[in-house]
Amino acid sequence: MGKRKTIAGGTWATKAEEENGNFDDVRQVAPGEKTSNPPEKYEPNKAHHSSTAVDDTDPWFQEDGELPTKSTALLLVVVLLVCVACYWNSLNGDFVFDDFVAVVENKDVLPATSLEKVFTSDFWGCLIADWQSHKSYRPLTILSFRLSYIMAGEQFARIPFHAVNLVGHSLVSVLVYYVSRASLGFGPPKDSLSRPPKCSPAVAATTALLYASHPIHTDAVSSIVSRSEVLSGLFYMLSYLVYVRAVRPAHTDWFWVLVSIFCFCVALLFKELGITVVAMLVAHDLVRVVGVLPRFRAWMTAAKVPPFDTDGSPDELNQDENGVDYIVEDRTNLEPNEPGGRTVPGPQLVWPQVGHSQATLRLLVVVTVFVVVFYFRLKLNGGNMPNFKQVENPTMFAEERSTRVMTFNWLLVLNIRQLVYPVVLMADYSNTAVPLITELSDPRNVGTVTMWLVLIYLICRSLVMASGHAINSALLMSLGFLIVPFLPSTNLIFPVGFVVAERVLYIPSLGFCMLCALLLDFLRCRGMLSRTALAAIVAVVVSMYTARCVIRNFDWSEQSNFWAAMMRDYPDSAKGHFGYANLLSRAPERENDAMDMLHKAATLFPDYWDAYNNLGDMYTRRREFAKAAEMFDHTLRIHPVRYESQYNRALAHINMKEYEQAFLAIDGMIEWFPTNVDLYQKLGIALHGLEMYQDELDAISTLIELEPHVPNHHIDYGKLAGQLGRLADAEDHFRQALSIAQYHPDALFNLAGLLMEKGQMHRARKLFVKVAQIAPYFPRLQDMLDMTEDSTGLPPPDDHNQDQDLRHQDYHSQDQDGQDTQDHFQQQEQAPARAQSMDDDDGDWGDDNW
């Protein structure tokens, strides 16, 4: 056993006595009483081994309280094995849920996309400054997807993508052990100027094992798109640990401070929650290094219990010859086994107060960096707020402020419940999964009040109650890791795009695991649990957690399992029915089932405009344009500025030949998107149907201004100008089209028809022959050849001796429906040919012109 030390007015006990709560042999020393071992003056540069003595018979400890090297390595191997056991069956999981939008369909993931585009776009591939952007800025996560894509041989293979998540989680779980030891340090340091104290290895080991296996992490690890949580968490931990290494009460290693700031920026670029690590750096500096708790507690209790000098006389803060402040607290009113501290009655020496100028400078630098980064991050949004959907976060759209406040506070209870009891896990809490709290009498408010009372008690317990610096600082840091990273997701500071999301608990769960480990260690220290019982409890919990992770991974294994699990856990999930309908719609034979699912989703959530929009698309594919228009109208009543629905509704009206409604819809959209080429194309079709030909020409002229090098625009202009008798303009535009694409059959054919109209049969015949060499099956070509043969006497083209090279030239062919098919002009493939909107579909500019 370590030697017992006494000081005037109190007694120091050995660590073993403190941990076991055994104070039977500790004698209270009255102030002024002579003792056989007089008080030792506190010297910050001197190692006080006796005050942190350990039980030499405890195999877990070395003399300095550290785990032996082999035991540490063994523990970390166990942590890694637990991670693998939890997520081995996620490696072959398919791309599900948001994986398609953020990864598979996101062009920023492809190596061909420039880095500039990656760093100016949001997580979903939309420009971050765009008003429609989600404002989720995670460029490093996108680049990690690109790296996985390259490692997989430039294909979206499952294992390379999931392996990064598993390796990342394993590394985070290992770092959790060291973060716990650094943030939960017990007792005064052996050398306050060299390093802070570390907590019991058993507490850190318990924290790491619980964290590695907690089922709440399946959303972050098994889902590819949630890699941002894992990688941001990795650099979150690194930033904290590097900062711990850099700071001491009277010394700062600025190189490592800069490294910590760099890790913070990296964590932020993986996901926005990384910004909260700054608060934890400040908390560590104030709580674990500067030691504000003893000073704060002395200030709070100064009127009742003044501080003591080492001789027991009341005084202010003590100061040694080096100007280092320290506090001696009065413990005489505490019972020996009073909960809350590994302390004994009487005055107790606690954390030294040193290096205030160094701490002030450190905090100034860290906070300045935070302000600068936060400013540029807001500026990156382009002055726009995120564009969230009501179905994702209906609470945010509630009219009554009281409803929003009560519901958002209840969501905190739900998140804590998921941490405590992770049996029912869901990927969707949208729509009515969490009913709004509209009345103060709602029984859920009792849970909210209870949660706040417990939280306030724990905070006050750590700040004010005189239970010793060690346990108070450990409790405060645990609460910090639980609360601070979770604050941006609470909807209490600013709105977010969800009500509950299990993935955002990836970092906050560290604080929860710390609290659980502290509770178990507290029970062990009070003799309520033996070491064997504690180890058995941890083993059972970790085994149960692991089994739950493995089972949950099956839900993430493929699309059908995922959506079925969502509807199993939440039968009234509108999003679940919507997602499953989209999956079924890929199989033509399941189209009716898909439509039933979409109607069910719209019934469950009447304002679900995405469901109505998809129904409209499906009715359009079935050529039921009236029903399609009705669905798009539903969408626009809910979301008036929904561009896709407005556009699709206009297409439905065009197909039903309701050109006036189509014109009104498109004309309104052009005010929002004045440079959208597709809108001017559809506007031209509507104007043509309304026989407003001059306005149609103006629309085509705008298209030519926007895309002067697209031959189709010139051809469209030439056709319409020819119909209006403006033959010179028509010929000029046909020739401009041929100057862009020399062997464009549509331009050649229409220019030949124009020459026929002008009586130049010989020249027209040559052009028709050239069209026959390029596209022998061009609509009405044979009729034109017969007509010109009769007029010129020239023989028809020899199909067997055609110039085959012309077919490989840069031209723009056209099928029976006038659709563009040449790869060189794929940028126009979504634009329907003008011939579709005219009375004839033979590729020329009107039979009546011949």
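Residues numbered from 1 in each chain as written. Predicted model: local features only at pLDDT ≥ 70, side-chain atom pairs only at ≥ 80, totals over all residues. Heavy atoms only, no water.

Q: What is the right way to read the overall build of the protein from this model?
A: Broken down by element type, the protein carries 33 helices and 8 strands. Looking at the protein as a whole, 55% of its 850 residues are labelled buried. Partitioning the intrachain contacts of the protein with sequence separation of at least 6 by distance along the chain shows that 68% fall at a separation of at least 24. Approximately 37,100 Å² of the protein is accessible, and the part contributed by carbon and sulfur atoms is 59%. (Helix = DSSP H or I, 4+ residues; strand = E, 2+ residues; numbered from the N terminus. Buried < 20%, exposed > 50% of the residue type's maximum accessible area, 1.4 Å probe, protein only. Contact = heavy atoms within 4.5 Å. Areas by Shrake-Rupley, 256 points an atom, 1.4 Å probe, with all protein chains shown as cover.)

Q: It is not clear to me how unusual backbone geometry should be interpreted in this structure. Could you clarify?
A: Of all residues except glycine, most have a negative phi; of all peptide bonds, most are trans. The backbone of Asn 491 shows a phi angle near 70°, a positive value even though the residue is not glycine. With a relative accessible area of 8%, Asn 491 lands in the buried category. Backbone geometry at Glu 691 places phi at a positive 60°, although glycine is not the residue there. Among the secondary structure elements, Glu 691 is positioned in the loop between α26 (677-689) and α27 (693-706). Accessibility expressed as a relative area gives 58% for Glu 691, which makes it exposed.

Q: Help me understand the nonpolar core in this model?
A: Ranked by size, the top nonpolar core spans 99 residues in total, and within it Val 179, Tyr 211, Met 237, Tyr 240, Phe 481, Tyr 506 and Leu 510 carry the most contacts. The dominant element in this core, judged by the number of residues it contributes, is helix α9 (residues 227-246), at 9 residues. Of all hydrophobic cores here, the second largest spans 32 residues; its members include Tyr 717, Ala 752, Met 756 and Phe 778. (Core = buried A, V, L, I, M, F, W, Y, C linked by side-chain atoms within 4.5 Å.)

Q: Just checking my understanding: could you explain the packing of helix α5 (residues 139-151) against helix α6 (residues 158-183) for this structure?
A: The relative placement of two packed helices comes down to the angle between their axes together with the axis-to-axis distance. For the pair α5 and α6, the least separation of the axes is 8 Å and the interaxial angle reads 135°. What the angle tells us is that α5 and α6 run oblique. Crossing hand, α5 versus α6: right-handed. Contact with α5, carried on its side by Phe 145, Ser 148 and Tyr 149, involves Pro 160, Phe 161 and Val 164 of α6 and no other residues of that element. (Axes fitted to C-alpha atoms, helices over the stretch in contact; angles between N-to-C directions. Parallel < 35°, antiparallel > 145°, perpendicular 65-115°, else oblique. Left-handed = near helix turned anticlockwise from the far one by under 90°.)

Q: I tried to follow the packing of aromatic side chains on my own but got confused; where do I start?
A: Describing an aromatic ring pair means giving the distance of the ring centres and the angle of the ring planes. Throughout the structure, instances matching the rule amount to 21 aromatic pairs. Pairing Phe 235 with Phe 270 gives two aromatic rings, centres 5.7 Å apart and planes at 25°, and the pair type is stacked. Here Phe 235, found in helix α9, pairs with Phe 270, found in helix α10 (residues 254-270); they are 35 residues apart in sequence, far enough to count as distant. When its relative accessible area of 8% is taken as the criterion, Phe 270 is described as buried. In this structure an aromatic cluster arises from ring pairing among Phe 95, Tyr 149, Phe 156 and Phe 161. (Phe/Tyr/Trp six-rings, centres within 6.5 Å; stacked < 30°, edge-to-face > 60°.)

Q: Looking at this structure, how should I read the packing of helix α23 (residues 625-638) against helix α24 (residues 643-655)?
A: Where α23 contacts α24, the two axes come as close as 9 Å, and the packing angle between them is 155°. Judged by the inter-axis angle, α23 sits roughly antiparallel to α24. In this structure, α23 meets α24 at a crossing whose hand is left-handed. Side by side, α23 and α24 meet where Phe 625, Ala 629, Phe 632, Asp 633, Thr 635 and Leu 636 of the first sit next to Ser 645, Gln 646, Asn 648, Arg 649, Ala 652, His 653 and Asn 655 of the second.

Q: How should I be thinking about the state of the cysteines in this particular structure?
A: Here a disulfide denotes a covalent bond joining the sulfur atom of one cysteine to the sulfur atom of another. Inspection of the entire model under this criterion finds 0 disulfides. Free of any disulfide, Cys 549 has its nearest neighbouring cysteine sulfur in Cys 86, separated by 4.1 Å. A relative accessible area of 0% means that Cys 549 is categorised as buried. (Disulfide = S-S within 2.5 Å.)

Q: Explain the pattern of salt bridges here, please?
A: Once the charged atoms of two side chains with opposite charge are near each other, the side chains can pair. For the structure shown, the criterion picks out 22 salt bridges. In this structure, Asp 593 and Arg 590 form a salt bridge, with 2.8 Å as the shortest nitrogen-oxygen distance. The partly exposed category is assigned to Asp 593, whose relative accessible area is 32%. Residue Asp 678 is joined to Lys 682 by a salt bridge in which the shortest nitrogen-to-oxygen separation is 3.2 Å. Here Lys 682 and Asp 678 lie together in helix α26, a separation of 4 residues that amounts to about one turn. Lys 682 matches Asp 678 in its accessibility class, with the two residues each being buried. What emerges from the salt-bridge pattern is a single network uniting Arg 552, Asp 555, Arg 568 and Asp 569. (Salt bridge = Lys/Arg side-chain N within 4 Å of Asp/Glu carboxyl O.)

Q: Is there a simple way to think about a nonpolar patch on the surface in this case?
A: Side chains of Trp 452, Ile 456, Leu 487, Leu 492, Ile 493 and Phe 494 sit close together on the surface and give an oily, nonpolar patch of about 540 Å² of accessible area. Checked against the element boundaries, Phe 494 lands in the loop between α16 (469-483) and α17 (508-525). Assessed through its relative accessible area of 39%, Phe 494 is described here as partly exposed. (Patch = residues over 30% accessible without salt bridge, like charges linked within 9 Å, V, L, I, M, F, W, Y side chains within 5 Å.)

Q: Would you explain helix α7 (residues 201-213) in this entry?
A: Residues spaced three or four apart along an α-helix face the same direction, because each turn holds 3.6 residues. Between the first and last C-alpha of α7 there are 18 Å, a value that for 13 residues agrees with the 18 Å anticipated at 1.5 Å per step. Burial runs high along α7: 12 of the 13 residues are buried. Those residues of α7 not exposed but buried are Pro 201, Val 203, Ala 204, Ala 205, Thr 206, Thr 207, Ala 208, Leu 209, Leu 210, Tyr 211, Ala 212 and Ser 213. Buried residues along α7 sit in contact with α2 (69-87), α6, α9, α17 and α18 (531-555). (Expected span 1.5 Å × (residues − 1).)

Q: Please clarify how helix α31 (residues 761-774) should be interpreted in this entry.
A: Counted at 1.5 Å a residue, the expected span for α31 with its 14 residues is 20 Å, and the 20 Å between its end C-alpha atoms agrees. Considered for burial, the residues of α31 that qualify are Ala 764, Arg 765, Leu 767, Phe 768, Val 769, Val 771, Ala 772 and Ile 774.

Q: Before we go on, may I ask you to explain the confidence of the model for the protein in this structure?
A: Low pLDDT means the predicted atomic positions in that stretch should not be read closely. The share of residues in the protein with pLDDT of 70 or more is 74%, and the mean pLDDT across the chain is 75. Contacts for the low-pLDDT stretch residues 186-197, under 50 throughout, to residues beyond four places or in other chains number 51 contacts. Across residues 302-354, where pLDDT falls below 50, the model places 152 contacts with residues more than four positions away in sequence or in other chains. (pLDDT = per-residue confidence, 0-100.)

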